[in-house]
Structures are given as structure tokens and as C-alpha cells.
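# Examination of the molecular architecture
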Amino acid sequence: MATLNLWLQVSLLSLLATFQSSVFGESQVPCFFILGDSLVDNGNNNNLETTAKANYPPYGIDFPEGPTGRFSNGKNIADIIAQFLGFDEYIPPFAIARDQDILMGVNYGSGGAGIRDESGTELGDVISLNQQLLNHQIIVSRIGDLLGSKEEAENYLSKCIYYVGMGSNDYINNYLLPQYFNTSHLYTPEQYAVVLIQQYSQQLKTLYKHGTRKVALFGLGEIGCTPAEMASYGTNGSACVEVIDKDVQLFNEGLSTLVDELNNNLTDSEFIFINITEIPSGDASAYGITIANASCCVVSSNIGKGLCAPNLAPCSNRTLYAYWDGFHPTEVANLFLATGAYNALTPLISALELDSDEGSYII
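None of these values were measured; they are calculated from a predicted model.

## Some remarks on the sheet that holds strand 1 (residues 32-36)
- Read across the sheet, four strands follow the order 1-2-3-4 without closing on themselves; strand pairing throughout is parallel. The open sheet has two free edges, formed respectively by strand 1 and strand 4 (270-274), since each of these has just one partner strand. The mean angle between the axes of side-by-side strands here comes to 20 degrees, regardless of whether they run parallel or antiparallel.
- Pairing of strand 1 with strand 2 (residues 161-165) involves five bridges; the strand directions are parallel. Bridging across to strand 2, Phe 33 finds its partner in Tyr 162.

## Side note on empty space enclosed by the protein
- Counted under the stated rule, the structure contains one cavity of 30 Å³ or more.
- There is about 30 Å³ of room inside the largest cavity.
- Ranked by residues supplied to the lining of the largest cavity, first place goes to helix 2 (residues 77-84) with three residues.
- Taken together, the residues that form the lining of the largest cavity break down as four nonpolar, two polar and one charged.

## Comments concerning the pairing of strand 2
- Burial analysis of strand 2 places five of its five residues in the buried class, which makes it a mostly covered element.
- Every second residue of strand 2 is oriented toward a common face, with Ile 161, Tyr 163 and Gly 165 on one face and Tyr 162 and Val 164 on the other, all of them buried.
- Note: strand 2 against strand 3 (residues 214-218), four bridges, orientation parallel. By the bridge assignment for strand 3, Tyr 162 is matched with Val 215.

## Some words on the pattern of salt bridges
- Applying the stated rule across the entire model yields five salt bridges.
- The partner of Arg 116 in a salt bridge is Glu 118, with the nearest N and O atoms 2.6 Å apart.

## Section: unusual backbone geometry
- With an omega of 10 degrees, the peptide bond between Pro 57 and Pro 58 qualifies as cis.
- Considering the arrangement of structural elements, one finds Pro 58 in the loop between strand 1 and helix 2.
- The backbone of Asn 236 sits at a positive phi, close to 50 degrees, despite the residue not being glycine.
- Its location among the elements puts Asn 236 in the loop between helix 8 (227-233) and helix 9 (242-265).

## Details of the packing of helix 3 (residues 129-147) against helix 7 (residues 189-209)
- Between helix 3 and helix 7, the least distance of the axes is 10 Å, while the angle of their chain directions is 5 degrees. Considered as vectors, helix 3 and helix 7 are oriented roughly parallel to each other. Taken together, the residues of helix 7 that come into contact with helix 3 (itself represented by Leu 129, Asn 130, Leu 133, His 136 and Gln 137) are Gln 199, Tyr 200, Gln 203, Thr 206 and Leu 207.
- Taken together, the residues that form the contact of helix 3 with helix 7 break down as four nonpolar, six polar and no charged.

Basis of the calculations
- Residues numbered from 1 in each chain as written.
- Predicted model: local features only at pLDDT ≥ 70, side-chain atom pairs only at ≥ 80, totals over all residues.
- Heavy atoms only, no water.
- Pairing = 2+ DSSP bridges.
- Helix = DSSP H or I, 4+ residues; strand = E, 2+ residues; numbered from the N terminus.
- Axes fitted to C-alpha atoms, helices over the stretch in contact; angles between N-to-C directions.
- 1 Å grid on protein atoms, 1.4 Å probe; cavity = no way out; pocket = protein on both sides within 12 Å on 5 of 7 lines; lining within 4 Å.
- Points joined across faces, edges and corners; volume = space filled by probe spheres on them.
- Nonpolar A, V, L, I, M, F, W, Y, C, P; charged D, E, K, R; others polar.
- Buried < 20%, exposed > 50% of the residue type's maximum accessible area, 1.4 Å probe, protein only.
- Salt bridge = Lys/Arg side-chain N within 4 Å of Asp/Glu carboxyl O.
- Parallel < 35°, antiparallel > 145°, perpendicular 65-115°, else oblique.
- Contact = heavy atoms within 4.5 Å.

Shown next, in the form of C-alpha cells:
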């Protein structure tokens, strides 16, 4: 374990050096697009009629701009990966992305969103993955106008990295809520994972049709280990809610197989499966994280499930906590996860840098 911790510390220092040297230079890729849920939402839900929003204190207490809609005390995982990629500005949310800014990428993430359209709707309006794909089509069209043609846009987009992370709300805010949704009555956990993966496959192929070629597909974390789910279900003496984590594991196994199928069938593309559950939890101690079973903020009983109560002071020692609220990581936990994810992105980045040397794109 000591060796692993040392490797993580050296890796982190290397990544920070890469970030610091590239802030005022060129990014490693021309653009970074993000599709996902509350783990990456950076303001798209702010003006929606939903309880799944985080644009109030204490969210953003450690973020320079304060509460922006990020479900954390500071940066989310997509923010940090973008920094590691060399972007000197945050990727703009679709809600406010305008003009030339879209050439650096767009964040479509929406708290509560899922692979299935109905996931998260008990919270109010959400921007499902299908709607995020429609929003991306709008951006592709705008990029075509900026670059001169649809073909130029698709060529440009083929040089970009896409972060796609979906599925958590298809469990948290769908399958695990039989009082609102019938999926747990219609499907066994095994069947549900298959249904989700089948729909996800079609959605990813839609993304491919619009020029996407380099995709990092994020698996689901251990939902049964979140403070909110442990409080709701109990653990029966285990460290987490094992039945939930077993269901999630079925999805991750299917996603891993899907990545292989997509790489075999879409031969001019590259998909990478990032299984964050394989990052040993003990290694988080290298980042100072020692509390993994409690929320840093005071969780509300009235607002959206597992979210912080407004305007109440959170814990003062935030760097010790893995979870900011009932579901979402603290900034330091996001740094831990982003570091592992960035290391996994190395093949995509290397391929794109080779293309850049050949003059395939100009930033």
C-alpha cells in the first residue's frame, strides 16, 4: 500500500506540473465535451424547475465563483480533467455556451439525468442523455457555421475527447424508487442492466454519427457506499449497501463489454472504459481523505434527496471528507478520481497528439 500511495503522490505531482506548464500554452486536445449527470453539472440545472440543483450556499464554498450549480464544495471531476488537459478556462455549460467559446467544448451535464428519459423526473425537470444528444446536435451545427461546413465540424470534433458518464440516476432516481417508477417490477437487476446497456449503446452510436471518435466512458461508482443510500437502506453490518453495489456491478460489467463491442465495430473510433471502482479506496489516504462514510455538509430533509441544506455551515475540515453531501464527492475526492481518470485517458491523448503533429487540427 505504501508503494501505491507513493506512486499516486508522484503521479499527482506530475499531473500538476503538466497543468501548470500548459495553462498559458496550448491544450492537449482542441476541445473537451462532457455528457453526464450531477457529477459534472456546472450550471445547466440552475434555471430548471427541479430540486436537483446546487446554486446556493454552501455549495461552491471553495470555488472561486461561489455557488455555480456544481454539486460540490469546489471543482467537479470534469473541471479537474479539463485542467489536466491544459484548458485555462472551465468548459462552459450548454445553458450559457456562446460564440467561439463552443470550440473549446461544452458541458451538457444535468443533475438527475439518466440513460432513460424518466430517470430523475420525480425531482422535476432534467436534461436526459437523449436531450443532451439533441443539444449536442445544436452545437455541432453552430461549429459547422464557425468552421465553414458540417464536414469541417465533424473533422474537428473527431480530434476532441468526450467524457460520458451516465447511469447513476437510472438506479438512484429510478430503479431504487418503486413508489415512482415501475422498472424494478418489470426487470430483475440482471435484465435491467441489459436494458440500460442496450439503450446506452444506441445513444453512443448517435454521438458517433455526429463526429465523435474519442470517448471516455465512466463506469458507476459504488452507489451503495454513499452516505444517503446507507442512511436509507442500512448496511446490516457491512461497510456499504451490498445489494445496491451488486446491481451496479452488473451495469459496469455490461459497460466494459459494450466498450469492446464499440471498438470492434466502429474501427475508426476509440472508446475507453474508466472503472473508478477499481481505484483502491485506501489510496485516497494519499490525498488526506480519511472520512468516507459521512457527508461534510448538513443534508436537508426537505430539498432534493441527499442535498445540502441551504446556508448552513459545513464541516471545517473538508479535505478529510470523501463526500460533500449525500451523494457527491468533495473537491479533494474529485481530484483523486480525476487523477486516475486522466491516467486512463493517456492512449486517447497520445493518439490525438500524433494527429496534431501531422497538422490535423489547429487550436
